[in-house]
Amino acid sequence: MQAWQVGAHGEPVDVMRIVEVPVPTPGPGQVLVEVWSTALNFPDVLLARGHYQERPPLPFTPGIEMCGQVVSVGQGVGKHLVGERVVGTTVLPQGALARYAIAPASDIHEAPTGLDDVTASALHIAYQTAWFALYRRANLRVTETLLVHAAAGGVGSAAVQLGKAAGARVIAVVGGPLKAMAARGLGADVVIDRTTTDVVEAVKQVTGGKGVDVVFDPVGGAAFTASTKVVAFEGRIVVIGFASGEILPAATNHLLVKNYSVVGLHWGLYRSKNPELVRRCHEELTNLVDAGAVRPLVSEHIDFDRASAALGRLAAGESTGRIVVAPPPA
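Residues numbered from 1 in each chain as written. Predicted model: local features only at pLDDT ≥ 70, side-chain atom pairs only at ≥ 80, totals over all residues. Heavy atoms only, no water.

Considering the side chain of Asp 193
Thinking step 1. Looking at where Asp 193 falls in the secondary structure, it is placed in strand E10 (residues 190-193).
Thinking step 2. It turns out Asp 193 is buried and unbridged, and the closest side chain with the opposite charge, Arg 194, is 6.4 Å from it.
Thinking step 3. Once residues lying within four places of it in the same chain are set aside, the contact partners of Asp 193 are Val 174, Gly 175, Gly 176 and Pro 177. (Helix = DSSP H or I, 4+ residues; strand = E, 2+ residues; numbered from the N terminus. Buried < 20%, exposed > 50% of the residue type's maximum accessible area, 1.4 Å probe, protein only. Lys, Arg positive; Asp, Glu negative; His and termini not counted. Salt bridge = Lys/Arg side-chain N within 4 Å of Asp/Glu carboxyl O. Contact = heavy atoms within 4.5 Å.)

Quick word on the packing of aromatic side chains
Thinking step 1. A full pass over the atoms with the stated rule returns four aromatic pairs.
Thinking step 2. A centroid spacing of 5.9 Å and a plane angle of 65 degrees characterise the contact between Trp 131 and Tyr 135, whose relative ring orientation is edge-to-face. With a gap of four residues between them, Trp 131 and Tyr 135 both fall in helix H4 (residues 124-137), about one helical turn apart.
Thinking step 3. The exposure class of Trp 131 is buried, given its relative accessible area of 3%.
Thinking step 4. Within the aromatic cluster, the residues linked to one another by ring pairs are Trp 131, Phe 132, Tyr 135 and Tyr 270. (Phe/Tyr/Trp six-rings, centres within 6.5 Å; stacked < 30°, edge-to-face > 60°.)

A closer look at the nonpolar core
Thinking step 1. Phe 132, Leu 146, Leu 162 and Phe 216 are the most contacted members of the largest nonpolar core, which totals 68 residues.
Thinking step 2. Of the residues forming this core, the biggest block, eight residues, is contributed by H4.
Thinking step 3. Among all residues touching Leu 146, those that are not within four sequence positions of it are Leu 134, Leu 140, Ala 159, Gly 163, Ala 168, Arg 169, Val 170, Ile 171, Val 214 and Phe 216.
Thinking step 4. Judged by nonpolar contacts, the second largest core, of 18 residues, contains Ile 171, Ala 202, Ala 226 and Ile 237. (Core = buried A, V, L, I, M, F, W, Y, C linked by side-chain atoms within 4.5 Å.)

Comments concerning the sheet that holds strand E9 (residues 169-174)
Thinking step 1. Judged by pairing direction, the sheet is parallel, and its six strands sit side by side in the order E10-E9-E8-E11-E12-E13 without closing on themselves. Whereas interior strands pair on both sides, the edge strands pair on one side only; in this sheet they are E10 and strand E13 (261-264). Put simply, the sheet's adjacent strands are angled 20 degrees from each other on average, direction ignored.
Thinking step 2. Strands strand E8 (145-148), strand E11 (212-217), strand E12 (231-239) and E13 of the sheet are contacted by H4, whose axis makes an angle of about 155 degrees with E11.
Thinking step 3. On top of the sheet, helix H7 (residues 199-206) reaches E8, E9, E10 and E11; it is set at about 160 degrees to E10, its chief contact. (Pairing = 2+ DSSP bridges. Axes fitted to C-alpha atoms, helices over the stretch in contact; angles between N-to-C directions.)

This is the structure:
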């Protein structure tokens, strides 16, 4: 089969190649999925660079999230799963930028019937991340104010929708007029273009000086610094990641100024620490899809041979919503 492979660490456009590889065989507790659609994620960029928490042996096929159909199962997995349309995460080195991918049976979930294959492939990681960040780590409540950095990005757009679903007032921070349009389309109550407006002053103005109750920050760097200036008394800043590439230490003395909290969210830990909660989250997300409250923002559906270039745009912050890749020709 055809598959993208990372043969050395570096920028995706430089180190990824399309190669012919054998169809993988599922091991114990695993399933083989025929990939129908693959959603690109920032961790795919970090994996190519060798900067992610996990470093699969080289060469490997990237693509950690997909929608497809189970075609075979490994030892210990019920054969009833064969033929199921699923979404979920893959096991590297056999990722989803290929015709077939390997996934743990525990990490696949029934694909929502309310989403087509392209949109469904972009649901799992981003919306699980936003759900755990807002609903569990931050305990976002009705009528609270939520600030979302990179609100037109993949995980940020999910946070905007889930913030609205929770009954919060959502302030979206974006980088440019096209991304501002996307954030408004997602339902954000206030949109701030950081390229033309001072974020701190704008947030203080729209909140009457009170600040925001919850901050969703997948960016780090200057975004985190701004967050500490606009978080309200007893507010919560949830750190999701560091898309800016800059990791700042928290000034713990400043936490006492407004009694605010800084909490972390690494969603992947729940897959091993509390998998039942991951399944409950998927059920709730499916219900939100059925209710029309959640629909992934897919900005591009591209051919298989354009995947490495698309990861380069994602890495540069040039994409809006999600980029989804079609499978290679059969």
